[in-house]
Every structure is written in C-alpha cells, then in structure tokens.
Amino acid sequence: MLELRDVSKTVSGEKHIRGVSLKLEQGSLNVLLGPTLSGKTTLMRLMAGLDKPTSGSVWMDGEDVTGVPVQRRSVAMVYQQFINYPAMTVYENIASPLRVAGAPAETIRKRVGEAAELLRLTPYLDRTPLELSGGQQQRTALARAIVKDARLVLLDEPLANLDYKLREELRAELPKIFSATGAIFVYATTEPSEALLLGGNTATLSEGQVTQFGPTVDVFRKPNDLVTARTFSDPPLNTVEVEKKGESFLLAEGDRLSVPAEYNALSDGRYIIGFQPHHLRLKASDAANALRARVTVTEITGSESFIHVDYAGNRWVMLEEGVHRLDVDDTVGIEIETRHLLVFDIDGRSAGSLQQAA
Amino acid sequence: MARIDLDNIRHAYRPEPTGDEDYALKRVHHTFVDGGAYALLGPSGCGKTTLLNIISGLLRPSEGRILFNGNNVTDLPTEARNIAQVFQFPVVYDTMTVYENLAFPLRNRGVSEDIVDKRVREIITMIGLEERAKRKAQGLTADEKQKISLGRGLARADVNAILFDEPLTVIDPHMKWELRTQLKELHRRFGYTMVYVTHDQTEALTFADNVVVMYEGEIVQIGTPEELFERPTHTFVGYFIGSPGMNLLPVEVSGQSARMGQTVIELPATPKKQSGKLELGIRPEFVSVGRSGYPVKVDKVEDIGRRKIVRASLEGQEIAAVVDEDAEIPAEAHVSFDAAHLNLYANSWRVEMDGEAGHGA
C-alpha cells in the first residue's frame, strides 16, 4: 500500500500541493482527475520520489520512504510524450529496464515476449520506434513500464497525444493490463469521461487539494461538494441558486421545482442545485412546470443535440437525444429531472452528505 | 469569403509515384461552398493535414488544381491566398499586449486605426479577454494564448477562408466547450468559410455542417452529422464515429433476411446486393437489452456515468449496447435491434436497400 500522510509541497513560496492524505491499495487503479495546474503531476512526482514533500510523509508497505530517491524505489512512469530510445528496436526498448537490472537472458526473453503479447506489439519487435504509429510508440513505453515489474506505476496523461479512437482502444485495454500485474496504478487525466471509462478509484484535484477520493462512480454520483462535482462534469455541470420553501425549490420568476424525497428533511433556506446536462430536457413551453429559457447555441452530434440555453441569466447545457434544430434566441420550454439532483449549501458542501452526517 | 474547388487533387510525398499506395492523398475532387463550416475528420496518417496544407498553400499538390472563387491559386504561395490559419499550438507575440496581438493582422494590411479599434474590441469581447486587453501575452495561460490565436484568425473580415488545424487539442475539457460554442456562434454571425481539421469526432460533428471523413488518403464519406451517424457509407465511418463504434456482424443474406448462425434478423427491405463479404451494421444506441429478442451472454457492464455500455456476445460475436444510466440488465439477457437502423455492408461499403432513392456519392 502507498500512503501519503498530510503531504504538502511549496515551490518558491507557492503552495502546489496542500495537505494531501491518500491510501492506495495494492493492485488498485487510481485516477487523479483535475484540470491543468491542479497538481496532478506534482503529486505523482512526490509519489515517485522525484521530489521531496515540504511537509508530511510518504509510506510504502508500512515503511517511511519520504526522501528516498526514485532510483531506490520500485517505480515506473509513463508520460504524455512517447519516450523511447529511437536507435533501439522495440524489443530492446522493452528489455532495457531488465538489462539495467542485470536479469538473465532467458528471463528477459520471456518477460519481453509476454509484455509484447499483452500490448499487441509482437509483430513490431524488430522495428525502431520511429517506424511505428503514435499508438504503437506509446504501447512500447507502456510495455517497458510493465516489464519493470514495479510496485508503483505512474501514468501521466498517457493517452493525451493519441487519436481519439486509439485512445478508446488503449483505454479499454489498460484496466485489463493493470489488473494482471498487481501493482498500484496511478493515472492522471483532465477528462472526466476518461476517469469514468477507466473505473477504479478517483481522486479529484483542485488547486493542489484532493477534494474527494473513492470508487470512481461514487465520486461522480455523490460528490461531497460543488468543486468535486464541477471537476467531474463534462459537459459542465449546470447550477443555479434556489430557495427551499417547504416542498419546493423556488427558482426565478415564480418557477418552482419539487424537492426530491431524499432532501425533504432539509431546513428551508438558500441552496445551490446542480444537475447534469442529460437531466435537463426539452418540454412543451406551455406545459405545467416547464421553465422557459432562451437558446444561445445548438450543437448536433448526429444522435444527440447539445442545446445551450440561458435561464434567468444562468448558462446551462442540455443534452437531448435526437436532432433538434433550434434557432438562436428562440424561447424553449425545459424541465429539470430531479431524480439525480445534487443539492449543495451556499458554501458548496453537499446537502446530502450534511443530512447523512446529522 | 470564397468557394473552394479541389479539382482532382492527388499528392505524393515521394517523387515519381506509381501506384495508389504511393499517394498520401489518392484523389480528392470536392467543393467547399462559400460560407460553409467543414470538418476534415480522420485518424493520423489519413491525409487530412496534407489536404489542409494544400488549401493553405504550404504544399503544392502533385496533380490537380485548387480554385478560390473560380481563380486558379494552385501556384500561389500562402501569403497570396488571403487566408487565416489557427494551429494546434498558440502562435502569439509574447512581447505584445493582447490588444496588439489581435490588431496585428489588421494593421499589417493597412486597415485604418478606427476600424482596427472597433474590430479588436469586438473580438476581445467574443473571446472573453476584455480584462486582459492591456496585458502582455507572455504571462497568460495556454488557454488564453490559444484564444488569442483564434481571435487573430477571426480578426480580418475579408479573408477567403479560415483554416483550423486541431485548434483545441491542448485545451482543457471545460474550456473546449466554451471555445467551441464561440466558434460556432462566430460562424453563424459572420458566415466565414471554415475548414477545421481534427481527429476528435465530437469536435468535428458539433462544429461542422458537413463532415468530410478521410481514411487512407481518400474521402470515404461527406455528410451531415446525422447522415454519418444513421447511414455510414463505409464500415470505417461506422467504426470511427460513435463511442463505441458501430457493431458489425458477419451475415449471410437471402431475400430480406440476414442469418448469423442460428440467428435470423429481418432487414427493413431487400438489399440490392447480396454477395461479397457481408456484414450487418447496427449502432450500440439502437441495440436494446431486455427480456425478449435474441439471447446473449453479458460479458461486462461498464457504468460510464450518464449511460451504461453492455458488452455481450451473440452467437460468439461481440456486440455492444448503450443503455440508460438507470437501466436494469436482466439475468437472462436478450437484445433486439431497431430495424430502421440496420445497415448492410458488402466488402465494407454500404448496400442500398429496395425503395431507397439512389444517389451519386
């Protein structure tokens, strides 16, 4: 198990990582999700031992490894840029960590063969990296990380430079590869959809802090706060400030929304509600409960439409099935589906978790 | 703005090409209409960047001509073509302010200062950098710098076309939404001819009125997002557009029935061709999972938040279905297909069905 205990990192007076505590189990896949500059790479460097924390400690299998340099830890890293030895064949690239470790020839042959098979590189072992596609080059880098048999494998946006479809394929393969090795995997990404496709656990990062850590789907469905919910939404989360009065949330212009049963016990007052774009639907504008919004942009993907609307000064995105050609500045009826509604207090803490705590 | 004609363009990077395999662009013959928003979509190596470079004048095609509003520009260099370009990585002058960066292409063309000022203010508001107008570009984030690149591409109203080469690749997901919507809005307001190169289907489909799908140096389909989704003309389009891509099942066809092992699937009409390597294509969105239909073995259910992807096998063939986030998957799962969305492919190309209006590709 890798454990970070209250780890902080300050660089020339600027706090890059603030009091992060995490426990990552053997054989687990852990996603670090956050925008650029949220601290993902810095946190990985601290985990690897490439950097030393300003305060706090790092523990590996019960041993304090704070300050132990990367060479003396069992760590493999894969970066966004494909890093291979250009003059060596794919075979020699994959074999290199084993050669450095002085492994016997037979072991090298066997392990390289297995890793190549796993990453579908067997036909390319005699080529050099520059004769390969981007996806194959990155698979070579991944294979090298795997033969190293490290206890901790860190992947820093490894698919970001690949084509969309290649990403889709490698992303489906990675969890299988991960679970076969038994190492602790840490995977950094800026994309919420990538975290959901990978599964495992997710830690959301914002401004150097881990805002939540748990099974990926749980963090997505039950965020503890608004920052986590926003970090984990693509398209962006829709939000609006409301007033709870009895069984209704009051919106603008006399519009109201029924309070879902699980929030009935909340005291009356001001809240922020959040809902995903696919929980906002088109509705006949004269229907009861329909909210009226102004269309700002429509984007059509072929099977679905992203309809951007303005509701009383709030910019929302609606994801509706089918093709809807709406004109800009049209007024449309919309409805918020409340079955997956997120409710936060005015400071952005989840009202659901407040209730559970009470 | 201009209409752009690509007249029998071929391009090879090696001298004296002999066969088709020597051409990075095998043959492109197409017109981009004045004021259209187009995306060139395909994997790396498909020829989309080669085609963009031919339009911009960075490359001279080995064969064929390129016309802007009917004028042959094949031999004209980039600077004589009057186009604006936005690249993957921001190109900004660090020592200039945001305002000066945006004014640069206009001042270069000798536009009068009062028009420069009016236009730059408009653009700054559009890209949301009002508060940064007087800042040097140097200290800005990558997102902000790319916004300047986009803004500069849009600054001149008299360009023939604006070309975009993967402009949002380096941008964080949240900002992508914002920039994409702004581009869309700008196209609507000013009617520029825009050509946008990307490997990202979401960007291509949401940006363009017409998407040009390229594969191995050829255009395999040009269509609206709906056409590409509902009626892919080539299995590559079925695979490349959609996540997961279209299911392809090997079948034998007789009359209006397709057969795979013991499973018989009724087609919406009789296909006009029934020989060759036949595959039945159905998108995961049109496969439903329930208690009736064809029995399947469910291998895996992936919860991806707003939807679930069910991975199953039917007659030993992998098949994916996309279902609602709250959908229940029964123990004895069956799948059924929305017949209106079945497509038949012979040797990878879509076969027309009886009753369909034939149209030239």
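This text follows the structure it describes.
A brief structural summary. (Residues numbered from 1 in each chain as written. Chains lettered and ligands numbered in written order. Predicted model: local features only at pLDDT ≥ 70, side-chain atom pairs only at ≥ 80, totals over all residues. Heavy atoms only, no water.)

### Points about the overall build of chain A
Cut-off, in case you're wondering: Here a helix means four or more residues in a row that DSSP labels H or I, a strand means two or more in a row labelled E, and each is numbered from the N terminus. The buried label goes to any residue with under 20% of its type's maximum accessible area, the exposed label to any with over 50%, and the partly exposed label to all in between, with areas taken from a 1.4 Å probe on protein chains only. Here, residues are in contact when the closest pair of their heavy atoms is within 4.5 Å. Residue burial considers only the protein chains on display, and all accessible areas are found by Shrake-Rupley using a 1.4 Å probe.
Scanning chain A from N- to C-terminus turns up nine helices and 20 strands. Out of the 358 residues belonging to chain A, those deemed buried represent 53%. Sequence separation of at least 24 residues holds for 66% of the intrachain contacts in chain A that already meet a minimum separation of 6. Surface summary for chain A: the accessible area is close to 15700 Å², and the carbon and sulfur share equals 48%.

### With respect to unusual backbone geometry
The amide bond that connects Asp-234 of chain A to the next residue, Pro-235 of chain A, takes the cis arrangement and shows omega of 5°. By the element assignment, Pro-235 of chain A lies in the loop between helix 8 (226-231) and strand 11 (238-245). A cis amide bond links Ser-243 of chain B with the next residue in sequence, Pro-244 of chain B, at an omega value of -10°. One can find Pro-244 of chain B in the loop between helix 8 (235-240) and strand 11 (247-250). At Glu-253 of chain A, a position not held by glycine, the phi torsion is positive, near 50°. Classification of Glu-253 of chain A as exposed rests on a relative accessible area of 67%.

### A short note on the interface of chain A and chain B
Inclusion rule: What gets called buried area is simply the loss in accessible area from a 1.4 Å probe that two parts show on being joined, summed for both. A carboxyl oxygen of Asp or Glu within 4 Å of a side-chain nitrogen of Lys or Arg is what we treat as a salt bridge. When residues are grouped by polarity, Ala, Val, Leu, Ile, Met, Phe, Trp, Tyr, Cys and Pro land in nonpolar, Asp, Glu, Lys and Arg in charged, and all others, Gly among them, in polar.
Facing 42 residues of chain A, the contacting portion of chain B comprises 36 residues. Both faces considered, chain A and chain B share a buried interface measuring about 3300 Å² in area, 53% of it formed by carbon and sulfur atoms. On the surface where chain A and chain B come into contact, there are eight salt bridges. Among the salt bridges present, the one from Arg-325 of chain A reaches Glu-226 of chain B, with a minimum N-O distance of 2.6 Å. For the side of chain A that touches chain B, the elements supplying multiple residues, two or more each, are helix 5 (164-181), helix 6 (192-198), helix 7 (216-221), strand 16 (291-300), strand 17 (304-311) and strand 18 (314-321) of chain A. Within the side of chain A that touches chain B, the residues separate by chemical class into 17 nonpolar, twelve polar and 13 charged.

### So, the sheet that holds strand 11 of chain B
All names here are of chain B. Cut-off, in case you're wondering: For two strands to be treated as a pair, DSSP must find at least two bridges joining them.
Pairing is antiparallel in the open sheet, where four strands are placed in the order 11-15-22-23. Two strands bound the open sheet, and with one partner strand each, they are strand 11 and strand 23 (349-350). Sheet topology places strand 22 (residues 343-346) next to strand 23; two bridges connect them, and they run antiparallel. Within strand 23, the residue paired with Ala-346 across the bridge is Trp-349.

### Details of the packing of aromatic side chains
Residues and elements named next belong to chain B. This is how it is decided: Stacked, edge-to-face and tilted are the three classes for Phe, Tyr and Trp ring pairs, Trp counted by its six-membered ring, which pair at centre distances within 6.5 Å; planes under 30 degrees apart are stacked, over 60 edge-to-face, the rest tilted. Both a distance and an angle decide whether a charge sits over a ring: NZ of Lys or CZ of Arg must be within 6 Å of the ring centre and within 35 degrees of the ring normal.
Under the definition given, this model contains 16 aromatic pairs over all chains. With a centroid separation of 6.0 Å and an interplanar angle of 55°, the aromatic rings of Phe-236 and Tyr-239 are classed as tilted. Taken as a pair, Phe-236 and Tyr-239 lie in helix 8 at a separation of three residues, close to a single helical turn. Phe-236 gets classed as buried once you look at its relative accessible area, which sits at 8%. Taken together, the ring pairs in this structure connect Tyr-215, Phe-236, Tyr-239 and Phe-240 into an aromatic cluster. Stacked on the ring of Phe-229, the Lys or Arg Arg-283 has its end atom at 4.6 Å from the ring centre.

### Considering the nonpolar core
For the record, the criterion: In this description, a nonpolar core means a group of buried Ala, Val, Leu, Ile, Met, Phe, Trp, Tyr and Cys residues linked to one another through side-chain atoms lying within 4.5 Å.
In terms of nonpolar packing, the biggest core is built from 49 residues, with Leu-102, Val-120, Ile-148, Ile-162, Phe-164, Val-211 and Val-213 of chain B touching the most fellow members. In terms of nonpolar packing, the next biggest core, distinct from the first, is built from 44 residues, Val-90, Ile-146 and Val-153 of chain A together with Ile-304 of chain B among them.

### Some words on the packing of helix 4 (residues 142-155) of chain B against helix 5 (residues 173-190) of chain B
Residue and element names in this part refer to chain B. Let me state the cut-off plainly: Comment: axis = line fitted to C-alpha atoms, over the contacting stretch for helices; angle = value between 0 and 180 degrees taken between N-to-C directions. The labels follow the angle: roughly parallel below 35 degrees, roughly antiparallel above 145, roughly perpendicular from 65 to 115, and oblique for the rest.
Viewed as axis vectors pointing N to C, helix 4 and helix 5 meet at an angle of 10°, and their least axial separation amounts to 12 Å. Put simply, helix 4 runs roughly parallel to helix 5. Residues Asp-143, Lys-147, Leu-150 and Leu-154 of helix 4 lie in contact with helix 5, whose contacting residues are Met-175, Glu-178, Leu-179, Leu-183 and Leu-186. Split into classes, the residues belonging to the contact of helix 4 with helix 5 amount to six nonpolar, no polar and three charged.

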